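One-letter residues, chain by chain:
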Amino acid sequence: MNARRDLNLLSAASAVAITGWSMLTLLLPLLALRFGVDAGGIGLLVAAAAVLPLFLAVPIGTAVDRWGARRVMLLGFAGTTVALLPMVALPSLAWLVVAFVAGSALQNGFIIGAQALIATLGAEGRGREAAYGWWTTAMAAGQVVGPIVAGVLLDTLGVRPAFVGVAAAFAVAVALMLAVRTRGRSEAYVPPFRWRAAAGLLRDRTVGIAVLTSTAAVWAMTIHATFLPVHLESLAMSAATIGAILSLRSAAAVVIRPVMPQVVAFLGGRERTVVYTLAALALALAGVVASPSPWLIGLWVALFGAGHGLSQPISMVMVADRVAARERGAALGMRLMLNRLSQVLAPIALAWVAGGVGLPTMFLAHAALVAVAAFVLWTWTRRPVAAEP
């Protein structure tokens, strides 16, 4: 009963926090344009903001193992709230950059801490899959709500009230986390993290499959989120139509995540499921540029949302189940570090390829790249499973 209560509180805190974060990710490009930053500068800012989280992911994961997931999450929520306050008092481009960069770095504490805490709340096997499924469902719901709220606040009330709303979301997340009793910390001594240990974790087949799944899926999402609106606008679609199509991505994730254990069982296990998810992402990337009809594009976007919605929680469960409890935070941090690396490199690669060959060819090229990752996963799943570490 206590575990269920803590899971509900954690999911609520995460949903509120990700609502605030998705509000910030919408406000960043809109306000940057108002402050005179061009599209290239916005892309550079987004890529640069992922650099600091890239290097902080593993140290924060180690901090989770040493100090407890709940404590690290509270620090992340509270720090983000403080970083947002200057934009409430004195909106400017400089403070917008500070808020986004600091928020991106502190988000690591929230993401890694939540993933480690969920692992302690869910039992082994399908119980843990269900826990991750419900938590990521709450996250997806927040991602649906956040941009809508931010847009309404910005259009009707202005910049300062919009950032009051973002800061309030993180403050509410702090209040909810204070009620969570589970700490998610190993009682055993946690040695300092060593990069040699990270290499050892990656040599484990299950961890390697999970990390490749997550990294390839994040790369695909970066492509999808950055350039799909541009492609749809080139088809002379209205803003309302584009918004409706894009909302299908998060909606599909909301629908499929609560039934994730049943989907995994139907598809024949986690390893086979992640192969299918990457194949679905590759197919959906190619499908959106090959379909002239908004209805067909909407179906491909929904398929993409379902595939991405499965890939992230399953890869979390695979890592959490495979490593010892005292190494869980560092292992999840390493997984997130590689995700951040995708977020740094993908905008650069996307801009270079899109400028040289055009959007349709760019989508097809990266669809092929994700398909190659799916093929690599398929070959890995045919290897024999090693003994538990």
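Residues numbered from 1 in each chain as written. Predicted model: local features only at pLDDT ≥ 70, side-chain atom pairs only at ≥ 80, totals over all residues. Heavy atoms only, no water.

**Observations concerning the overall build of the protein chain**
Along its length, the protein chain carries 15 helices and zero strands. Put simply, the protein chain has 389 residues, and 53% of those count as buried. A total of about 16400 Å² of accessible surface is found on the protein chain, and carbon and sulfur atoms cover 71% of it. (Helix = DSSP H or I, 4+ residues; strand = E, 2+ residues; numbered from the N terminus. Buried < 20%, exposed > 50% of the residue type's maximum accessible area, 1.4 Å probe, protein only. Areas by Shrake-Rupley, 256 points an atom, 1.4 Å probe, with all protein chains shown as cover.)

**Some thoughts on the packing of aromatic side chains**
Summed over all chains, the structure comprises four aromatic pairs. Centroid distance Trp 21 to Phe 100: 5.6 Å. Interplanar angle 10°. Geometry classified as stacked. One end of the pair, Trp 21, is in helix H1 (residues 2-34); the other, Phe 100, is in helix H5 (residues 93-121), with 79 residues separating them in the sequence. Relative accessible area serves as the criterion here: at 12%, Trp 21 is assigned to the buried category. We classify Phe 100 as buried; its relative accessible area is 6%. A connected cluster of aromatic rings, assembled from ring pairs, spans Phe 77, Phe 110 and Phe 170. (Phe/Tyr/Trp six-rings, centres within 6.5 Å; stacked < 30°, edge-to-face > 60°.)

**Some thoughts on empty space enclosed by the protein**
To find the voids left in a structure, one rolls a probe of water-molecule size over its atoms. By the definition in use, this model includes one cavity of 30 Å³ or more. Each pocket or cavity is described by its volume, and for the largest cavity that value is around 50 Å³. Around the largest cavity sit Ala 17, Trp 21, Gly 76, Phe 77, Thr 80, Gly 103, Leu 106, Gln 107, Phe 110 and Phe 170, which together line it. At the level of elements, H1, helix H4 (69-89) and H5 are the ones that each hand at least two residues to the lining of the largest cavity. (1 Å grid on protein atoms, 1.4 Å probe; cavity = no way out; pocket = protein on both sides within 12 Å on 5 of 7 lines; lining within 4 Å. Points joined across faces, edges and corners; volume = space filled by probe spheres on them.)

**Some remarks on the packing of H4 against helix H7 (residues 159-178)**
Contact geometry of H4 with H7 gives a least axis separation of 9 Å together with a crossing angle of 160°. Judged by the inter-axis angle, H4 sits roughly antiparallel to H7. Note that H4 runs across H7; the crossing there is left-handed. Residue-level inspection shows Arg 70, Met 73, Leu 74, Phe 77, Ala 78, Thr 80, Thr 81, Leu 84, Leu 85, Met 87, Val 88 and Ala 89 of H4 in contact with H7, the latter providing Val 159, Arg 160, Phe 163, Val 164, Val 166, Ala 167, Phe 170, Ala 171, Ala 173, Val 174, Met 177 and Leu 178. Tallied by class, the residues present in the contact of H4 with H7 amount to 20 nonpolar, two polar and two charged. (Axes fitted to C-alpha atoms, helices over the stretch in contact; angles between N-to-C directions. Parallel < 35°, antiparallel > 145°, perpendicular 65-115°, else oblique. Left-handed = near helix turned anticlockwise from the far one by under 90°. Contact = heavy atoms within 4.5 Å. Nonpolar A, V, L, I, M, F, W, Y, C, P; charged D, E, K, R; others polar.)

**Some thoughts on the packing of H1 against H5**
In the contact formed by H1 and H5, the axes pass within 11 Å of each other and the chain directions differ by 160°. Classified by the angle between their axes, H1 and H5 sit roughly antiparallel to one another. Crossing of H1 over H5 shows left-handed handedness. Within the contact of H1 with H5, the residues separate by chemical class into 18 nonpolar, five polar and one charged.

**A short note on H1**
Taking 1.5 Å per residue, 33 residues should reach 48 Å; H1 reaches 48 Å between its end C-alpha atoms and fits that length. Its axis deflected by about 25° at Leu 27, H1 carries its strongest bend there, up to four residues before the proline Pro 29. (Expected span 1.5 Å × (residues − 1). Bend = angle between axes of the 7 residues up to and from the residue.)

**Regarding the side chain of Thr 19**
By the secondary structure assignment, Thr 19 is in helix H1. Judged by its relative accessible area of 15%, Thr 19 falls in the buried class.

**Focus on a nonpolar patch on the surface**
A grouping of Val 144, Val 145, Ile 148, Val 149 and Val 152 is seen on the molecular surface, where their side chains present a nonpolar patch of about 370 Å² in accessible area. Judged by relative accessible area, Val 145 falls into the partly exposed class, the value being 39%. (Patch = residues over 30% accessible without salt bridge, like charges linked within 9 Å, V, L, I, M, F, W, Y side chains within 5 Å. Salt bridge = Lys/Arg side-chain N within 4 Å of Asp/Glu carboxyl O.)

**Details of the confidence of the model for the protein chain**
Mean pLDDT over the protein chain stands at 77; residues scoring 70 or higher make up 77%. When the elements of the protein chain are averaged for pLDDT, helix H8 (residues 195-203) gives the smallest value, 58, and helix H12 (residues 270-290) the largest, 89. (pLDDT = per-residue confidence, 0-100.)

**Details of the environment of Ile 60**
Residue position: Ile 60 is located in helix H3 (residues 51-67). Take Ile 60: its relative accessible area is 15%, and that puts it in the buried class. Spatially, the C-alpha atoms of Ile 60 and Phe 110 are 9.7 Å apart, while their sequence positions differ by 50 residues. Excluding its chain neighbours within four sequence positions, the residues that come into contact with Ile 60 are Val 72, Ala 105, Asn 108, Gly 109 and Ile 112.

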